[in-house]
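Structural overview for review
Here is what each chain is made of, one letter per residue.
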Amino acid sequence: MDFLVVPTVTFRLLHVLVLLRHDRRSIMHVNVTQYPTAEWTAQQVVDAFPWDEVPRYLLRDRDGVYGRAFSKRVRGLGIEEVKTAPRSPWQNPYVERFNGTLRRELLDHVIVLGERHLRRLIGEYLSYYHEARCHLSLDKDSPHGREVQTPERGEVVAFPMVGGLHHRYERRAA
């Protein structure tokens, strides 16, 4: 889990919390707030796992937003916190890589108007990320998996996603 900061058109700073599952690089939970607190962050962990079984470990950095309330709530869920060393983002590479990807592939190309706008943009991007975006670590598959399409299925057709910023390609019979 990690936070990234996004400025808006009015120079407000919005904080995006990302919880990522390591095995398939899928995003378990994302939320946006202007004022993150330990209580809010702890509630996001609870919201991320409402019916599923909770993970055994939660890898996070030493950000000040994770306070005693957060640690107590996470321990109560039966999750063991694993903290990275100070100033060592490479110890949490998967979520750091996702944050960089989100910036390069979405946030560097749009001006965020506000919290609701950012939520909508991230929601659209996550649909693309989970269903269409290739990951080398997943043998060029997407986190939710895609069917391999042979040339016999027809011509390659592009389907715009994320407002045309990215595309999904499929074979369709003519």
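Residues numbered from 1 in each chain as written. Predicted model: local features only at pLDDT ≥ 70, side-chain atom pairs only at ≥ 80, totals over all residues. Heavy atoms only, no water.

**Some words on the sheet that holds strand β1 (residues 2-7)**
Filter applied, for reference: Here a strand pair is declared whenever DSSP counts at least two bridges between the two strands. Counting from the N terminus, the helices are DSSP H or I runs at least four residues long and the strands are E runs at least two residues long. Here, axes are lines fitted to C-alpha atoms. For helices the fit covers the stretch in contact, and angles between N-to-C directions go from 0 to 180 degrees. Every residue pair with non-hydrogen atoms within 4.5 Å of one another is taken to be in contact.
The three strands lie next to each other as β1-β2-β3, forming an open sheet whose pairing is antiparallel. Looking at which strands have only one partner, the edges of the open sheet turn out to be β1 and β3 (26-33). Strand after strand, the sheet turns through a mean of 25° between neighbouring axes, direction not considered. Examined bridge by bridge, β1 and strand β2 (residues 13-21) share six bridges and lie antiparallel to one another. Counted as the bridge partner of V6 is L14 from β2. Relative to the sheet, helix α3 (residues 93-105) contacts β1, β2 and β3, its axis offset from that of β1 by approximately 15°.

**Brief notes about the packing of α3 against helix α4 (residues 115-131)**
We apply this condition: If you view the pair so one helix is near and one far, a crossing is left-handed when the near helix is turned anticlockwise from the far one by less than a right angle, and right-handed when it is turned clockwise. Here the nonpolar group is Ala, Val, Leu, Ile, Met, Phe, Trp, Tyr, Cys and Pro; Asp, Glu, Lys and Arg are the charged ones; every other residue, Gly included, is treated as polar.
It is the contact of α3 with α4, at a shortest axis distance of 12 Å, that shows an interaxial angle of 115°. Considering the relative orientation of α3 and α4, their crossing is right-handed. Residue-level inspection shows F98, T101, L102 and E105 of α3 in contact with α4, the latter providing Y125, L126, Y128 and Y129. Here the contact of α3 with α4 is built from residues that sort into six nonpolar, one polar and one charged.

Purely geometric numbers; function is a separate question.
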